Structure formats: C-alpha cells, structure tokens
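Coordinates in review
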Amino acid sequence: MSLLAELLLALLLGVGAGIITGLTPGVHINLVSLLLLSISPVLLQYISPLTIAVCIVSMAITHTFLDAIPSIFLGAPDADQALNVLPGHKLLMQGKGYDAVKLTVIGSLGALLLAVACIPLLIPMVAYVYPVLQPFIGYILAAVVGFMILKDRHRAGNFLVFLMSGVLGILVLNMPNLRQPLFPLLSGLFGVSMLVTSYLENVRIPRQQPGSSLNVERSIVGKSVVAATITGSCTAFFPGLGPAQGAVIASQFLKDIGDHGFMILVGGINTVNMIVSLVTLYAIDKARNGAVLVIAELMEMDIPSLIALAAVVLLSGGIATALTLSFTRRFSVWISKVNYRMLVVGVALFITALVLIFSGPVGLLILLTATAVGIVPAELGVARNHAMGCLLLPVILFFLL
Amino acid sequence: MQERLLLRIALAAGTIGILMLFFLSEHAAIDERAIDRLTAADVEADVRVKGVVQRIDDREKVAFLSIAQLKDIDVVLFKDGNLSLKEGQLVEVIGTVDEYEGKVQLIGNEVSVLAR
C-alpha cells in the first residue's frame, strides 16, 4: 500500500474513532490514544509513526466537533464542552437543539481554518513567549481565578463552589493508584449533576425543529471565531487552563456576543486548543493533552510532520462538519420521541458503570461527591464554570508552592 | 423537590464525600513491592520500594538514583532543593512505576532514609 493510501485510511479510521468518542459520554480520545500507544510496538512493524499520528489527530479533531451533541442533547459533556451545556440546553428547550450544535460547528470550523492559517505565526509566538511567561504562570492563573470569582455579585457562592471543587480536585489527583481520576471527577461535576437536576425538575424536551432557523449576525460570528482562535492559542501556554476557562475569560472582553456567540466561542476554542497543542509540541516540545502526548511518544515533530498533520486537521475538520450536522438532524428527531427521564437515568447509569470499570469503587465515591458539588452552583444560582477549580486550584498550587 | 432542601443535601453530601476522600487518601496503603517483581504491567502504579542506594547522579533540577535489593532499579527524582542522600544508605522510595527505553524505572515522589 502506498504511503498516501495508508495515511488516508488512517484518517478515515481516526474519523470513525472520533465519531465513537465524540458521541459516547465518558469515552475520551485519551483513552483510545493510550490504547494505540500500547499496541504501537506491533503496529510500527507494519506502518509508520506518522500514520498513527494521523489517526490520532483526525480522531481528536472529529471528537471536538461531535462532542457538542451529547453535551447539548443529553446534558453529558466532557470537560471541554462543559460550559456549553447551559446555553445549549436553553436552546434545546426552545426546540432548537440543531441550531445549538450548528453554532458550535460554526465556531469549530471557522476557528480551525483561522488557526491553521496562523500556524506560521504561532510557532515563533509559542517558542518565544512561553519561556517569558513560564515563571509567572501560577500568578497569572491565580489572577484569572480571582477575577472570575469577584466579577459578579455572587462572590461568596462563586468562592464556595471554587473551593469545594478545588479541594476535591486536589484529593482526587493525589489519590494513589487511582486510574482515570479525571473521568469520575469531571463527569460528576459537569455531567451527572446536570442530569440529576434535569431529572428532579422533570424536564420535558420539546419537539425539535428538524432544520436550522439560525440567524446570527456576521459580526458576532467573526468576533467569536477570532476570539476563539486567540484564546485557544493562549490556553496552550497555561496548563490547567482549558477551553472552558478560556471561554469565560474571552467572554468578559466580548460582552455583546450573547448565548449564540458564546457557543461559537466554546466550540472554536475546543478545536483550536487541539491544533495549537501540535504547535507547542513542535515549538517547545511540550504536549498539552493526552492525545498529543502519545504523538510525542511515537515520533519527533518536525516541519514536514507538522504540515502533514495540519493537512489532516483541515481534511478531518471538513468531514467532521458534515458528519456532525447529519448526526444532529437524526438526534433532533430521536430526542423528542424518547422518554427523556428514562434517557437521563440511562446516561447516568452508563457513566456510573464506566466509572466503576475505569476507576473502581473509589471512582464511584468521587463521582457521587463530584455530583453533589456539581449541584451546588445550580442551586446557588452561580455559574458552573467555577467548578473548574477542580483543575485550576491544583495547578495553581503546583506552580506557586 | 424544594431548591433549598436540594442545596442542603448537595452541600452535606459534597462535604461528607470530600472528608471521606481525605480519609481515604491519608490512609490508602501503597503496597511495598520487591524490585525484581516490578514489570511493565505495573506502569502508572504507585508503589513503595526499599533498597540500598548504589549510585547517585545529582544534576541541577533532577537526580537519578540506583537503588538495589537483589536487583536494582533506577529512580528519577525531580528536586526542589539540595539532595542529602549518600551511597550505601538504606532508603524507602514511594513513587510511580514508569517505563523508559524498555526498562522499568520509578518516578520518585518521596524518599526517606531508613538507615545511614
């Protein structure tokens, strides 16, 4: 088989894996990437490391498009889509679930194109700015957290949620011999807690409009896509600062973009974060997420590899756009036919079973605790993003202590 | 369910859960393992090993130790100060099993001297 055919096949396999990880709550790309790494000694006898990297990148990009669907339709987000649950759910309750996903797709595709075009600028930026910022990362993150807590009138509530989730994060991340610690932690804080609230409030999903009635001003799309590209690039400098936190910070500077712009922003940052992670691997030899870490283990990132992977990003982004819209149409029809309360119970049980399989009984305790903590912001009327303290507080303490 | 009641239950459950996890993390026993029993299957596991320091390669931000029982193992220590270990000391290392270039090693989190 020629190298080109091998790479195209890897791309399609990656897209297929991205469909599964993106649509299945709790199944993360890191899991599949680590699986590929564990069987790489066998795979590398037949294929090149670049082929495995192509598979991982196309999976990761496809995932960042499709993960909006369970986040919006099932209220079961991964960490990167956590902040899209609330505005997405709001649109779902108006019968506009399709539009909600479409907004994230606009953000993902727009920011993907812009980020790939900016790679020649990003390389020197990452290489020169990161060493300057590195000594101050802890202080910058602490300032960001302080800003987020103090920015509205619910300061005590914001602080309580940040502190509880932060302490929980420290305990979970330092628990000895716990596998996949982030899975029960994030599923509880952002997924199951939302499902419990939906169940208790007896939420009924209205009939969904099968197509789009979306009318977003071009200026909002433009602003949100540019902001997503800039913010997604900046988050690559700060470990622990993911797409969700980046979106909160960016939205402070873009006050007039509304829920639609915010969803474009989160969708875009999520995708850009993945692209910039490839750039940071090339420029400063640092992997910012699990999938890129696996690529770093497999191969040396040089300019030809970076160009090849950028082409994969573009191609898989195009395929993922069509796939996401197609799957969303089917979900829109299906969601209003099922008993939503039963679906909520089913998804919660599925996540619980996965937690038991991946993390064992201690994982179950973490899931229950994180779910309880995740319910607090909704009941206090404060933003759920403060629960990202579960990652931010451990990272800040790591840099400052 | 009334919102205030749900909030109280969530706060109580969250606090109790955090306390239980704190207790678990304090008392979770890290198994003591024989060096010659550590294999690639243990990668990412947290373990406790005892052995005699055979060799120390002390660099600016990291130190490489070799500690031995019947078999020896390399330990990587990321330092935030001076290293006060000496060759010949009996030490206990708590760390995470890792694999580097096909060889099992430990990323040390805590080293205590048992006998000088």
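Residues numbered from 1 in each chain as written. Chains lettered and ligands numbered in written order. Predicted model: local features only at pLDDT ≥ 70, side-chain atom pairs only at ≥ 80, totals over all residues.

Things to note about the interface of chain A and chain B
For the record, the criterion: It is the C-beta atoms, placed from the backbone, that decide contacts: two residues are in contact if theirs lie within 7 Å. The helix count covers DSSP runs of H or I at least four residues long, the strand count covers runs of E at least two residues long, and both are numbered beginning at the N terminus. Classes in brief: Ala, Val, Leu, Ile, Met, Phe, Trp, Tyr, Cys and Pro nonpolar; Asp, Glu, Lys and Arg charged; the others, Gly included, polar.
Between chain A and chain B, the contact holds 21 residues from the first and 19 residues from the second. If you tally residues by element for the side of chain A that touches chain B, the top one is helix H17 (residues 340-380) of chain A, at 11 residues. Broken down by class, the residue content of the side of chain A that touches chain B amounts to 17 nonpolar, 3 polar and 1 charged.

Some details on the pairing of strand E3 (residues 72-78) of chain B
Residues and elements named next belong to chain B. Formally: The exposure scheme places C-beta atoms from the backbone and then counts, for each residue, the other C-beta atoms within 10 Å of its own, assigning buried at 20 or more, exposed at 12 or fewer, and partly exposed in between. In this description, strands pair whenever DSSP reports at least two bridges between them.
Only one face of E3 is buried: it carries Ile 73, Val 75 and Leu 77, and the other face, with Asp 72, Asp 74, Val 76 and Phe 78, is open. Bridge count for strand E2 (residues 62-68) against E3 is 7 bridges, and the pairing is antiparallel. Residue pairing for E3: Phe 64 is matched across the bridge by Val 76. Between E2 and E3, which follow one another and run antiparallel, lie 3 residues. Pairing analysis gives 4 bridges linking E3 to strand E5 (residues 103-115), with the strands arranged parallel. Residue pairing for E5: Leu 77 is matched across the bridge by Gly 108.

Digging into the domain arrangement of chain B
Just so we agree on the cut-off: Each domain's extent is set by a domain assignment, obtained either automatically or from a database.
Entries for chain B in the domain assignment read domain 1 (1-29) and domain 2 (35-115). Computed over C-alpha atoms only, the centres of domain 1 of chain B and domain 2 of chain B are separated by 36 Å.

Side note on the packing of helix H7 (residues 97-117) of chain A against helix H12 (residues 218-235) of chain A
Residues and elements named next belong to chain A. Rules: Lines are fitted to the C-alpha atoms to define the axes, a helix being fitted only along its stretch in contact, and any angle between axes, read from their N-to-C directions, falls within 0 to 180 degrees. Angular relationships are summarised with four words: roughly parallel below 35 degrees, roughly antiparallel beyond 145, roughly perpendicular across 65 to 115, and oblique for the angles in between. Should the near helix be turned anticlockwise from the far one by less than a right angle, the crossing is termed left-handed; should it be turned clockwise, right-handed.
Put simply, H7 and H12 touch, their axes get as near as 9 Å, and they point 60° apart. Classified by the angle between their axes, H7 and H12 sit oblique to one another. Crossing angle aside, the handedness with which H7 passes H12 is right-handed. Taking contact as the criterion, the partners of Ile 106, Gly 107, Gly 110, Ala 111, Leu 114 and Ala 115 in H7 are, on H12, Val 221, Ser 224, Val 225, Ala 228, Thr 229 and Gly 232.

Considering the sheet that holds E3(B)
All names here are of chain B. The 5 strands are arranged E1-E2-E3-E5-E4 in a closed barrel whose pairing can be described as mixed. Ignoring strand direction, the axes of neighbouring strands in this sheet form an average angle of 55°. Across 7 bridges, the pairing between strand E1 (residues 46-58) and strand E4 (residues 90-100) is antiparallel. The residue of E4 that forms the bridge with Asp 46 is Thr 96.

A word on the packing of helix H2 (residues 29-38) of chain A against helix H15 (residues 290-298) of chain A
Residue and element names in this part refer to chain A. As a packed pair, H2 and H15 sit with axes 8 Å apart at the nearest point and diverge in direction by 15°. Judged by the inter-axis angle, H2 sits roughly parallel to H15. When the axes of H2 and H15 are compared, the crossing they make is left-handed. Contacts between H2 and H15 involve Ile 29, Asn 30, Ser 33, Leu 34, Leu 36 and Leu 37 from the first element and Gly 290, Ala 291, Val 294 and Glu 297 from the second. Here the residues of the contact of H2 with H15 sort into 6 nonpolar, 3 polar and 1 charged.

A closer look at the pairing of E2(B)
Residue and element names in this part refer to chain B. Inspection of the sheet shows E1 paired to E2 by 6 bridges, in the antiparallel sense. Of the residues in E2, the one forming a bridge with Asp 57 is Phe 64. The loop that links E1 with its antiparallel partner E2 comprises 3 residues.

Side note on helix H8 (residues 119-133) of chain A
For clarity, the cut-off: Multiplying one less than the number of residues by 1.5 Å gives the expected span of a helix. In this scheme, the bend at a residue equals the angle between the axes fitted to the seven residues that finish there and the seven that begin there.
In this model, H8(A) (15 residues) spans 20 Å end to end at C-alpha, consistent with the 21 Å of a helix rising 1.5 Å per residue. The largest bend along H8(A) measures about 30° and falls at A:Val126.

With respect to the environment of A:Ser48
Residue and element names in this part refer to chain A. Looking at where Ser 48 falls in the secondary structure, it is placed in the loop between helix H3 (40-43) and helix H4 (49-66). Here Ser 48 falls in the partly exposed class, since 16 other C-beta atoms lie within 10 Å of it. In sequence terms Ser 48 and Glu 6 are 42 residues apart; their C-alpha atoms lie 9.2 Å from each other.

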